[in-house]
Amino acid sequence: MKTKYLSIVLLILFISVSCGYIGSKRVKPNDETTWIWTGPFTDDIAAKYKSIGREVLKESFLTLTGEVSRAMKEGGVPHAVQYCNMKAYPIIDSLSKANHVSIKRVAMKNRNPDNFMRAFEQELYKDYAMKHIQKMSIMDQVVLSKDNYLEYYAPIIVTAQCLACHGKPGTDIQPENYELIKSLYPDDKAIDHYVGDLRGMWRIRFMPTKQ
Ligand code: HEC
């Protein structure tokens, strides 16, 4: 009797787990993990998407830097931290939908765990980092990734405005602000930066329906 009961429980558990798995694989139009690029990747495609990437980046950059510096003036770091996540902006969301893209910033020394670089991004980043150390210019680019996404990348460089949140704790980052950051992001690695450092990359992924 007991084993029968146990097997029914296990069966229900199995069904619900496998349904959940299938459910999570369902293709959603805004799920960027399903945006596998099946079309060609020619120089023309690269050039076309580079110009879309640049436009989207310009708008996203202006929104983010504009809003963060406005918030810093209004209420300093404690007020501004909430404006550093791109999900905070309806305007970024509409920009993504209008251009059929997802917009993200990724880093090796990341603050938000969602922003850690995947293996392919680490390869691109290594190349940027090597060139940056040698004072060579590092350019934005459109690539077809090893895992088959069409993506635009651009390097992110640290400026003086970033230090209050990404510089040295105790000197650039006020101790109470660092405490706040640590309480929001316990695994924070995005500190100890200097002006001119390579901080990470913008990543704009294109949805294949726009081919
Ligand atoms: C008010 C504090 C603050 C300032 C100023 C600030 N940042 Fe950030 N930054 C954050 C926070 C908080 C996050 C985590 C956002 C999230 O949850 O995605 C973040 C995330 C990032 C990320 C995404 C990768 C990661 O580590 O999660 C990059 C790249 C980045 N910042 C670069 C910059 C640059 C470049 C500047 C200066 C132009 C700057 N930040 C200024 C607080 C700040």
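To keep things clear, this report deals only with the structure shown in the data block.

Criteria and thresholds
Residue numbers here run from 1 along each chain, matching the order of that chain's written sequence. Reporting of local features is limited, given that this is a predicted model, to residues whose pLDDT is at least 70; pairs of side-chain atoms are given and counted only at 80 or more, and all residues count toward the totals for whole chains, interfaces and linings. Derived side-chain values reflect all non-hydrogen atoms in the structure, with water molecules and hydrogen atoms excluded from consideration. Helix numbering and strand numbering both begin at the N terminus, where a helix is a DSSP run of H or I of at least 4 residues and a strand a DSSP run of E of at least 2. Contact between two residues is taken to exist if any of their heavy atoms lie within 4.5 Å; hydrogens are not considered. To be near a molecule or strand, a residue needs just one of its heavy atoms within 4 Å of it. What qualifies as a polar contact is a pair of N or O atoms within 3.5 Å, subject to a donor-acceptor requirement within protein and to the restriction that residues adjacent in sequence count only when both atoms come from side chains. What we call a nonpolar core is a set of buried Ala, Val, Leu, Ile, Met, Phe, Trp, Tyr and Cys residues that are connected through their side-chain atoms within 4.5 Å. Throughout, exposure labels follow a simple rule: accessible area from a 1.4 Å probe, protein chains only, divided by the maximum for the residue type, with under 20% read as buried, over 50% as exposed, and the rest as partly exposed. DSSP calls a pair of strands paired once it identifies at least 2 bridges connecting them. Axis definition: a line fitted to C-alpha atoms, over the contacting stretch in the case of helices. Angles run 0 to 180 degrees between N-to-C directions.

Within the element layout of this structure, glycine 76 appears in helix 2 (residues 43-80). Counting along the chain gives 88 residues from glycine 76 to alanine 164, while the straight-line C-alpha distance between them is 9.2 Å.

What follows is about the side chain of asparagine 110. Assignment of secondary structure puts asparagine 110 in the loop between strand 1 (101-106) and helix 4 (119-133). What asparagine 110 contacts, discounting residues up to four positions off in sequence, is Asn115, Phe116, Asp187, Asp188, Lys189 and Ala190.

A few words on the site of the ligand. The ligand sits among 23 residues. The nearest are Arg111, Cys162, Cys165, His166 and Tyr185. Measuring from a nitrogen atom of the ligand, one finds a side-chain N or O atom of histidine 166 at 2.9 Å. Within the residue set of the shell around the ligand, elements represented by two or more residues are helix 2, strand 3 (150-157) and helix 5 (163-166). Here the element with the most residues in the shell around the ligand is helix 2; it accounts for 3 residues.

Once that is clear, we can look at the nonpolar core. Tyr49, Ile103, Trp202, Ile204 and Phe206 are the most contacted members of the largest nonpolar core, which has 21 residues in total. Mapped by element, the contributors of at least two residues to this core are helix 2, helix 3 (90-99), strand 1, strand 3 and strand 4 (198-206). Counting residues per element, this core draws most heavily on helix 2, at 6 residues. With near-sequence residues (within four places) excluded, isoleucine 103 lies in contact with Val56, Ser60, Met86, Ile92, Leu95, Ser96, Trp202, Arg203 and Ile204. Residues Met117, Ile138, Val143 and Leu198 belong to the second largest nonpolar core, which totals 11 residues.

Here we have 4 strands laid out as an open sheet, ordered 1-4-3-2, and antiparallel in their pairing. Among the strands making up the open sheet, the edge pair consists of strand 1 and strand 2 (141-144). With strand direction ignored, the average angle separating the axes of adjacent strands in the sheet is 25°. One ladder, built from 6 bridges, connects strand 1 with strand 4; its direction is antiparallel. By the bridge assignment, lysine 104 is partnered in strand 4 with arginine 203. The sheet strands contacting helix 2 are strand 1, strand 2, strand 3 and strand 4, and the helix crosses strand 4 at an angle near 120°.

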